[in-house]
Amino acid sequence: MKKPYVKPSISKIVEGMPSKFGFREVVDPITEIDGIPVEKLIKEYGSPLFVFSERTIRVVYRQAYMAFSTRYPKVQFAWSYKTNYLDAVCRVYHQEGAWAEVVSGFEYDKALRNGVPGDKIIFNGPDKTREDLAKAIKNRSLIHIDHFDELYTILSLTSELEERPQVAIRVNMDTGIYPQWDRFGFNYENGEAWTAITRIMMSDKMDLVGLHTHIGTYIMSPKPYGVAAHKLAQLAKQIEEKWGHRISYIDLGGGFASKNTLRGAYLSGKDTTPSFEQYADAISQALIESGFDSYNLPVLFLETGRALIDDAGYLLGTVIANKRLADGKRAMIIDIGVNLLFTAFWYEHEIHPAKDVPPYLEDTTVYGPLCMNIDVIRTNVKFPMLEPGDHVVIKRVGAYNTTQWLQFINMRPNVVLIDMEGKVHVIRERETLETITSLEKVPDHLKEIGLSDTTENN
Amino acid sequence: MKDLAISKNGFVFNPSTGESFRTNEVGRLILEMLQEGKSDEEILERILEEYDVSKEEAERDLLEFLNMLKFYNLM
Ligand SMILES: Cc1ncc(COP(=O)(O)O)c(C=O)c1O
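Because the structure is a prediction, the values reported are computed rather than measured.

The subject of this paragraph is the interface of chain B and chain A. Reports of interface size often rely on the accessible area that becomes lost once the parts have come together. The partner chain A presents 19 residues to the 29 residues of chain B that form the contact. There are 4 salt bridges connecting chain B and chain A. Here Lys7(A) ties to Glu64(B) by a salt bridge, and the two come within 3.0 Å at their closest N and O atoms. It is helix 3 (residues 55-71) of chain B that provides the largest number of residues to the side of chain B that touches chain A, a total of 8 residues. Split by residue class, the side of chain B that touches chain A holds 16 nonpolar, 4 polar and 9 charged.

All names here are of chain A. Along the polypeptide, Glu160 turns up in the loop between helix 6 (148-158) and strand 10 (166-172). The sequence separation of Glu160 and Ala134 amounts to 26 residues, and the corresponding C-alpha distance is 9.2 Å. Side-chain polar atoms of Glu160 contact the side chain of Arg130, separated by 2.7 Å.

Another point: the pairing of strand 14 (residues 299-302) of chain A. Residues and elements named next belong to chain A. In this sheet, strand 14 lies alongside strand 6 (residues 75-80) in parallel orientation, the contact comprising 3 bridges. Residue pairing across strands places Val75 opposite Leu300, the latter belonging to strand 14. In this structure, strand 13 (residues 249-251) lies alongside strand 14, joined through 3 bridges in parallel fashion. Bridge assignment links Ile250 to a residue of strand 14, and that residue is Leu300.

Looking now at the packing of helix 7 (residues 192-203) of chain A against helix 8 (residues 223-243) of chain A. All names here are of chain A. Two elements in contact, helix 7 and helix 8, have axes whose closest approach is 12 Å; the angle formed by their N-to-C orientations is 40°. Considering the angle they form, helix 7 stands oblique to helix 8. Relative to helix 8, helix 7 is oriented so that their crossing is right-handed. Between helix 7 and helix 8, the contacting residues are Ala193, Trp194, Ile197, Thr198, Met201 and Met202 on the first element and Leu235, Gln238, Ile239, Lys242 and Trp243 on the second.

Residues and elements named next belong to chain A. With an omega of -5°, the peptide bond between Ser47 and Pro48 qualifies as cis. Within the secondary structure, Pro48 is located in the loop between helix 1 (38-45) and strand 5 (49-53). Here the bond from Tyr178 into Pro179 is cis, since omega is -5°, no more than 30 degrees from zero. In this structure, Pro179 sits in the loop between strand 10 and strand 11 (186-187). For Asp204, which is not a glycine, the phi torsion comes out positive at approximately 55°. As for its placement among the helices and strands, Asp204 is situated in the loop between helix 7 and strand 12 (207-212). We note that Tyr400 has phi near 70°; this positive angle belongs to a residue other than glycine. Mapped onto the secondary structure, Tyr400 falls in the loop between strand 20 (391-394) and helix 12 (401-404).

Below, the discussion takes up a negative patch on the surface. Residue and element names in this part refer to chain B. Together, Asp40, Glu41, Glu42, Glu45, Glu49, Glu56 and Glu59 make up a negatively charged patch on the protein surface. For the negative patch, the secondary-structure elements that each account for two or more residues are helix 2 (40-50) and helix 3. Considering every element that reaches the negative patch, the biggest residue donor is helix 2, with 5 residues. Position of Glu49 relative to the elements: it lies in helix 2. Taking relative accessible area as the criterion, Glu49 reaches 55% and is therefore assigned exposed.

All names here are of chain B. Across the interface, helix 1 (residues 25-35) lies against helix 3 with an axial gap of 11 Å and an inter-helix angle of 65°. Of the possible angle classes, the one that applies to helix 1 and helix 3 is roughly perpendicular. Pair helix 1 / helix 3 crosses with right-handed handedness. Every residue of helix 3 that contacts helix 1 at Gly27, Ile30, Leu31 and Leu34 is listed here: Leu62, Phe65, Leu66 and Leu69. When grouped by side-chain class, the residues that make up the contact of helix 1 with helix 3 number 7 nonpolar, 1 polar and no charged.

As a further point, take the site of the ligand. All names here are of chain A. If you check the shell around the ligand, you find 15 residues, and the closest are Thr217, Gly255, Glu303, Gly305 and Tyr400. With respect to the ligand, the side chain of Glu303 contributes an N or O atom lying 2.6 Å from a nitrogen atom. Gly305 places a main-chain nitrogen or oxygen 2.8 Å from an oxygen atom of the ligand. Calculation on the ligand without its partners gives an accessible area of 400 Å², and the protein chains cover 92% of this total. By residue class, the composition of the shell around the ligand is 1 nonpolar, 9 polar and 5 charged.

Scoring rules and cut-offs
- Residues numbered from 1 in each chain as written.
- Chains lettered and ligands numbered in written order.
- Predicted model: local features only at pLDDT ≥ 70, side-chain atom pairs only at ≥ 80, totals over all residues.
- Heavy atoms only, no water.
- Contact = heavy atoms within 4.5 Å.
- Salt bridge = Lys/Arg side-chain N within 4 Å of Asp/Glu carboxyl O.
- Helix = DSSP H or I, 4+ residues; strand = E, 2+ residues; numbered from the N terminus.
- Nonpolar A, V, L, I, M, F, W, Y, C, P; charged D, E, K, R; others polar.
- Polar contact = N/O pair within 3.5 Å; in protein donor to acceptor, adjacent residues only side chain to side chain.
- Pairing = 2+ DSSP bridges.
- Axes fitted to C-alpha atoms, helices over the stretch in contact; angles between N-to-C directions.
- Parallel < 35°, antiparallel > 145°, perpendicular 65-115°, else oblique.
- Left-handed = near helix turned anticlockwise from the far one by under 90°.
- Patch = residues over 30% accessible without salt bridge, like charges linked within 9 Å, V, L, I, M, F, W, Y side chains within 5 Å.
- Areas by Shrake-Rupley, 256 points an atom, 1.4 Å probe, with all protein chains shown as cover.
- Lys, Arg positive; Asp, Glu negative; His and termini not counted.
- Charge placed at Lys NZ, Arg CZ, Asp CG, Glu CD.
- Buried < 20%, exposed > 50% of the residue type's maximum accessible area, 1.4 Å probe, protein only.
- Near = heavy atom within 4 Å.

Written out as structure tokens, the structure reads:
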């Protein structure tokens, strides 16, 4: 009787080695999400699988809201649709009190469908059609004007419509960060913003209700927000001095960093990302010191995206194979490609085994299943040995992935939400062949392709 | 190769570099036979005698394992 065979293996033990952060590196397993076993989720809903935690969404939102509302009396969040516009996710934010921030007619209609009143929708972005603008004007939505052409379109619409457009301008500015985003909105330093404001005030055909800026994304320091708040406050005060007109809100956009680690960063995002409190300190201090009449402070609007949702999203997947690269390095292929995890281009996403495994780690490259060189989930991560069929959990994937994902080579997977009671809901069904082909049309002359099955004849 | 300390539970210590490795049962058998100066063919034969495995599979795995030893500078 022969013994059962197991393929010979040898791996270097790096467990206990100090990492570049000076800590012992361990890769803890993530066996469950909000009390639901990962194995069970994959068994019932397939792999890969996006999982959102309603609890985490609400908890993080409340932390952010607390941080700002305890420092500044009037705070209003508007959920950034492009960051994650799954209806169920948006509705959790709306239930928490967030308005909607949209950048296209599509997102605008989605917000309306979700039950957001028109006057609680902020309409940003350079691409608003004349029809989009007319609809937004009728609904008294807050239109954030991006460029002069848009301003003139709105002006021309005022002769056709009864409602006065409720507008703000988007301002770009030097806040000390590089690169400076100057392609959106009107520049502060060169006076363009003031020109736009003057044009709006002189027209007397619309209400200038706010001032907006979005200084960038993943801004790792609170300071630029203080600068931005100060500059918008100065504009607001100049408007009041010149026309006696009071701006009702100042919108500082999004851009707070999440706890993900940027690719190539030396330190982990968990250690470097400012807290909501730190951002709130910088912003509220700048606003309060701007000398507004304390009974008439403008409302502070925030369009925070990734910092609110990243932690609530997980991507579960399965190991397809292990390989040795030409130089002997270990490679692990999983069923999650960069088409599903777009943010892999940005972040060194944390990846965890879904079960307890021996803690021996080896430098590993994690590849997705696409037949392309760019399909790398992690270039190098110390990771334990998993076998084909074992599962992995990728953390902090809540932002931008379920909006920027691409259907490529395979269909997009199920997305589930675990509610506050631990009940699992499919919030976006996995695509099928039919999802894709139902949109395609085959011209008549291509209906018959003429290849016959010759195997039977042989 | 001769200097490697191989423990029963699969730990391998290379005293000339201070590095430690973990191997499994078949890996240990291969390492021990290499230390005894056995050839690749002899090792393969022994694996086929002792384990329930096809020749193709055992041969492929042995080759891969020997490559790993070279990668770790153990041969
Ligand atoms: C105008 C505007 N607001 C808000 C956001 C959300 O940004 P973030 O996810 O960095 O918080 C964006 C993202 O690009 C944006 O363009």
